[in-house]
Amino acid sequence: MKKKILVTGGAGFIGSHLCKRLINEGNEVICLDNYFTGSKRNIVELTKNPYFELIRHDVTMPFFIEVDEIYNLACPASPIHYQYNAIKTIKTSVMGAINMLGLAKRIKAKILQASTSEVYGDPLIHPQTEDYWGHVNPIGIRACYDEGKRCAESLFINYYRQNNVRIKLMRIFNTYGPNMHPHDGRVVSNFIIQALKNEDITIYGDGSQTRSFQYVDDLVEGAIRLMGTGDDFVGPVNIGNPHEFTIKELALKIIELTNSKSKLVYKSLPSDDPMQRQPDISLAKKQLNWEPKIQLEEGLLKTIEYFKSIKKYW
Ligand code: NAD
Ligand code: UDP
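The following paragraphs examine the structure supplied in this document. Note that this is a predicted model, so its numbers are computed, not measured.

## Description of helix α5 (residues 187-196)
Along an α-helix, residues three or four apart share an orientation, since each turn contains 3.6 residues.
Next up, step 1: Taken across its ten residues, α5 has eight buried, putting it largely inside the fold.
Next up, step 2: Buried within α5 are the following residues: Val188, Ser189, Asn190, Phe191, Ile192, Ile193, Gln194 and Ala195.
Next up, step 3: Lining the buried residues of α5 we find β7 (175-176), β8 (201-204), α7 (247-258) and α9 (296-309).
Next up, step 4: Phi turns positive one or two residues past the end of α5, at Asn198, with a value near 55°.

## Some words on the site of ligand 1
Next up, step 1: In the vicinity of ligand 1, 30 residues are found, and the nearest of them are Asp33, Thr37, Tyr145, Lys149 and Arg186.
Next up, step 2: Within the backbone of Ile14, a nitrogen or oxygen atom sits 2.8 Å from an oxygen atom of ligand 1.
Next up, step 3: Contact with the protein chains covers 97% of the free accessible surface of ligand 1, which is 820 Å².
Next up, step 4: Secondary structure elements with two or more residues in the shell around ligand 1: α1 (13-24), α3 (86-107), β5 (110-116) and α4 (143-163).
Next up, step 5: The dominant element in the shell around ligand 1, judged by the number of residues it contributes, is β5, at three residues.
Next up, step 6: Along the lines of polarity and charge, the residues of the shell around ligand 1 split into 14 nonpolar, eleven polar and five charged.

## Observations regarding the side chain of Ser189
Next up, step 1: Relative to the helices and strands, Ser189 resides in helix α5.
Next up, step 2: Of the residues examined, Ser189 reaches a relative accessible area of 0% and is grouped as buried.
Next up, step 3: Every residue in contact with Ser189, bar those within four places of it in the chain, is listed here: Met180, His181, Asp184 and Phe307.

## Comments concerning unusual backbone geometry
Both trends apply: most residues other than glycine have a negative phi, and most peptide bonds are in trans.
Next up, step 1: Look at the link from His126 to Pro127: it is a cis peptide, with omega at -10°.
Next up, step 2: The omega torsion across Gly235 and Pro236 is 5°, close enough to zero to call that bond cis.
Next up, step 3: By secondary structure assignment, the location of Pro236 is in the loop between α6 (216-227) and β11 (237-239).
Next up, step 4: Located in the positive-phi region is Lys108, a residue other than glycine, with phi close to 60°.
Next up, step 5: Along the chain, Lys108 falls in the loop between α3 and β5.
Next up, step 6: Relative accessible area serves as the criterion here: at 66%, Lys108 is assigned to the exposed category.
Next up, step 7: For Asn198, which is not glycine, the phi dihedral falls at a positive 55°.
Next up, step 8: Secondary-structure assignment places Asn198 in the loop between α5 and β8.

## A closer look at the site of ligand 2
Next up, step 1: In the region of ligand 2, 17 residues are neighbours, and Thr202, Tyr204, Arg211, Asp273 and Arg277 sit closest.
Next up, step 2: Residue Thr202 places a main-chain N or O atom 2.6 Å away from a nitrogen atom belonging to ligand 2.
Next up, step 3: Contact distances for ligand 2 include 2.7 Å between an oxygen atom and a side-chain N or O atom of Arg277.
Next up, step 4: When the free accessible area of ligand 2 is taken as 520 Å², the share hidden by the protein chains comes to 96%.
Next up, step 5: If you list the elements that add at least two residues to the shell around ligand 2, you get α5 and β8.
Next up, step 6: Per-class residue counts for the shell around ligand 2 are six nonpolar, five polar and six charged.

So, how was this worked out
- Residues numbered from 1 in each chain as written.
- Chains lettered and ligands numbered in written order.
- Predicted model: local features only at pLDDT ≥ 70, side-chain atom pairs only at ≥ 80, totals over all residues.
- Heavy atoms only, no water.
- Buried < 20%, exposed > 50% of the residue type's maximum accessible area, 1.4 Å probe, protein only.
- Helix = DSSP H or I, 4+ residues; strand = E, 2+ residues; numbered from the N terminus.
- Contact = heavy atoms within 4.5 Å.
- Near = heavy atom within 4 Å.
- Polar contact = N/O pair within 3.5 Å; in protein donor to acceptor, adjacent residues only side chain to side chain.
- Areas by Shrake-Rupley, 256 points an atom, 1.4 Å probe, with all protein chains shown as cover.
- Nonpolar A, V, L, I, M, F, W, Y, C, P; charged D, E, K, R; others polar.

And the structure:
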């Protein structure tokens, strides 16, 4: 059955893939974005479809519409972008959540929040399970994002408990793929562009910190499965790829796959940069029958092809 679906942050990296998948499944999609980090280029193909609608709007302001489902993705996700205007980042997470939850309550829509592994901060348990409360510095440079997202989770769960709003909390781990902004500043896009230009690869710290990288198609599949669960399952649920790599391993892999002449250079590690991160995905496997299908090399090759195809933008 055709559903009407609102995707906030729909012109961003993940949002654009989600909009495309939802349109391809025969839904009507309304993409809301203020284009802070998103781009019309990501969704221009979709605008030819009469069931795709584009709205320029900022989620910190109330918004009214009639839809069946809301995916709330609006928020810059890269440290350089979310730290650029920290107060705005907090407002986007917190006021955006209030506005979208108020809308969901009023129109009785299901609503999914794009939360993050950052709610675990620099984790003291490994891998991270959903019952871990996290280790977050509330006054550090990452706090605008981490605490904003933690507050949003708290708002979601309380709208569920107090107002029976049908919520879903998805904790996304590092995700990469085509449509990442070339100047996004995150590690995968930085390293690929540096490697394609044969420039130095900038490793922050000694490169021993780890991340677990998920290809965007796997994430979109997880998000849609989570939205499709019954009203009694609200999460939070980790959606990520448990294969963990050091940042140095990632750099060497990208040099190999791009046949690059780049050399590694070491820069200082930003404060509060988590040392390790790996999702425990047992809950997603059990509740969503989901696990990632695309491993690092395959996903990197697709992403490298994408960045080659948009060379004029970097
Ligand atoms: P992105 O920066 O590419 O996309 C975010 C989108 O939100 C952009 O299109 C941006 O213009 C829009 N936006 C920002 N502030 C807005 C506002 N106030 N009003 C309206 N639109 C606004 O990032 P992404 O990687 O696609 O992330 C999407 C969501 O997933 C974010 O909520 C992010 O926190 C979450 N997430 C992403 C990752 C990841 O690794 N990519 C990991 C964890 C969580
Ligand atoms: N990083 C790096 N070089 C870069 C960009 C990032 O070494 O050019 C490191 C960063 O310090 C962090 C990891 O890569 O340890 C992942 O960074 P990213 O910004 O992609 O995501 P997050 O830290 O939010 O997981």
